[in-house]
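# Overview (structure and organization)
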Amino acid sequence: MKVVILTGAGISAESGVKTFRDNHGLWEGHRVEDVATPEAFGRNSALVHDFYNQRRRQLSEVIPNAAHQALVELEKYLGNDFLLITQNVDDLHERAGSERVLHMHGELLKKRCVWCEVVTPCETTTSLDSTDLCEACGRDLGMRPDIVWFGEMPYYLDRIEIALRDAEVFIAIGTSAVVYPAAQFFAMASMHGAKTIEVNLAATARSNEFDQRLFGPATETVPKLVAELIAAR
């Protein structure tokens, strides 16, 4: 049984990770256009760095929850027949023990040089600013969070497409699945015959399109679903 899982903000929210965007479209009081675009970084890199430095520090205050841990158990059971795609930029999946993880929107705990494109680790205690030198090329004014901002291409799309074509089960957890390109994943997997399962706190605009729907806290629904998948194999 080949399983591909897509996780979104909902799974991390139960660990206390802020989902950034509120009902007014603001991220921690900032417009998305001011902290999450290449243009914003060009206009005011200090503000952008401060925003992500705060997000990075918050990671030390949260821990993986039962939903993260359940996915680790499923990965151990399935091995190479398991792939976890996450829209989240936190490291909770890895801290729980997941190994086959693709961060399509980048990672808070990595930094990237705009000059040479080399990506290096960035600890929770690290505060990036424009004076930091790249460890690879030595240039300044180019270190940025390794985050996929609006207007940029998500990572690993080719690998994701191959996995979705081969998937027998596709599970979306804690995500509305309406924002592209992630919104295409459900259709891709379904088109190639995969059983589709939605796991969310409440129904979404696409819930009726899934073969199976589970509503409730991820810490309750995901362990239950994993147990069912393992028992049914």
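Refer to the structure above for everything that follows.
Residues numbered from 1 in each chain as written. Predicted model: local features only at pLDDT ≥ 70, side-chain atom pairs only at ≥ 80, totals over all residues. Heavy atoms only, no water.

## Remarks on a nonpolar patch on the surface
A grouping of Val114, Trp115 and Leu141 is seen on the molecular surface, where their side chains present a nonpolar patch of about 280 Å² in accessible area. Mapping Val114 onto the fold places it in the loop between strand S6 (106–113) and strand S7 (119–121). Looking at Val114, the relative accessible area reads 31%, which means it is partly exposed. (Patch = residues over 30% accessible without salt bridge, like charges linked within 9 Å, V, L, I, M, F, W, Y side chains within 5 Å. Areas by Shrake-Rupley, 256 points an atom, 1.4 Å probe, with all protein chains shown as cover. Salt bridge = Lys/Arg side-chain N within 4 Å of Asp/Glu carboxyl O. Helix = DSSP H or I, 4+ residues; strand = E, 2+ residues; numbered from the N terminus. Buried < 20%, exposed > 50% of the residue type's maximum accessible area, 1.4 Å probe, protein only.)

## Quick look at the nonpolar core
Grouped together as the largest cluster of nonpolar side chains are 22 residues, with contacts concentrated most on Ile5, Leu71, Leu74, Ile171, Ile173, Val199 and Val222. Sorting the residues of this core by element identifies strand S1 (3–7), helix H5 (66–78), strand S4 (82–86), strand S9 (169–173), strand S10 (195–200) and helix H9 (218–232) as the ones contributing at least two each. In contact with Val199, other than residues within four places in its own chain, are Ile171, Ala172, Ile173, Gly174, Leu214, Thr221, Val222 and Leu225. Counting 19 residues, the second largest nonpolar core, distinct from the first, contains Ile160, Ala163, Ala172 and Met188. (Core = buried A, V, L, I, M, F, W, Y, C linked by side-chain atoms within 4.5 Å. Contact = heavy atoms within 4.5 Å.)

## Considering the side chain of Asn200
When you line up the elements, Asn200 lands in strand S10. For Asn200, a relative accessible area of 8% translates into the label buried. Polar contacts involving the side chain of Asn200 include one to the main-chain amide nitrogen of Gly174, which spans 3.5 Å. If near-sequence neighbours (up to four positions away) are discounted, Asn200 is found in contact with Gly174, Thr175, Leu214, Phe215 and Gly216. (Polar contact = N/O pair within 3.5 Å; in protein donor to acceptor, adjacent residues only side chain to side chain.)

## Here's the deal with the pattern of salt bridges
Summed over all chains, the structure comprises 12 salt bridges. When the shortest N-O distance is used, the salt bridge between Asp91 and Arg95 registers 3.2 Å. The salt bridge involving Glu161 is made with Arg165; its shortest N-O contact spans 3.5 Å. Of this pair, Glu161 and Arg165 both sit in helix H7 (residues 157–166), four residues apart, which is roughly one turn of the helix. Judged by its relative accessible area of 35%, Glu161 is partly exposed. Classification of Arg165 by relative accessible area gives partly exposed; the value is 38%. Overlapping salt bridges, with partners in common, bring together Arg31, Asp34 and Arg43 in one network.

## Some points on H5
The end-to-end C-alpha distance of H5 is 18 Å, a good match for the 18 Å that 13 residues give at a rise of 1.5 Å each. The complete set of buried residues in H5 reads Ala67, His68, Ala70, Leu71, Val72, Leu74, Glu75 and Leu78. Looking at the buried side of H5, the elements it contacts are S1, helix H1 (9–13), S4, helix H6 (92–96), S9 and H9. N-capping of H5 is provided by Asn65, with a side-chain oxygen placed 2.8 Å from the backbone N of Ala67. (Expected span 1.5 Å × (residues − 1).)

## Examining the pairing of S1
Of all five residues making up S1, five are buried, and the element is well covered by its neighbours. Along S1, one buried face is formed by Val3, Ile5 and Thr7 and the opposite face, lined by Val4 and Leu6, is buried too. In the sheet, S1 pairs with S4 via five bridges, with the strands oriented parallel. From the neighbouring strand, Val4 faces S4, where its bridge partner is Leu83. Inspection of the sheet shows S1 paired to S9 by five bridges, in the parallel sense. Bridge pairing links Ile5 to Ile171 in S9. (Pairing = 2+ DSSP bridges.)

## What about helix H4 (residues 45–58)?
Here H4 is 14 residues long and its end C-alpha atoms lie 20 Å apart, about the 20 Å a rise of 1.5 Å per residue gives. Val48, His49, Phe51, Tyr52, Asn53, Arg55, Arg56 and Gln58 are the residues of H4 that are buried.

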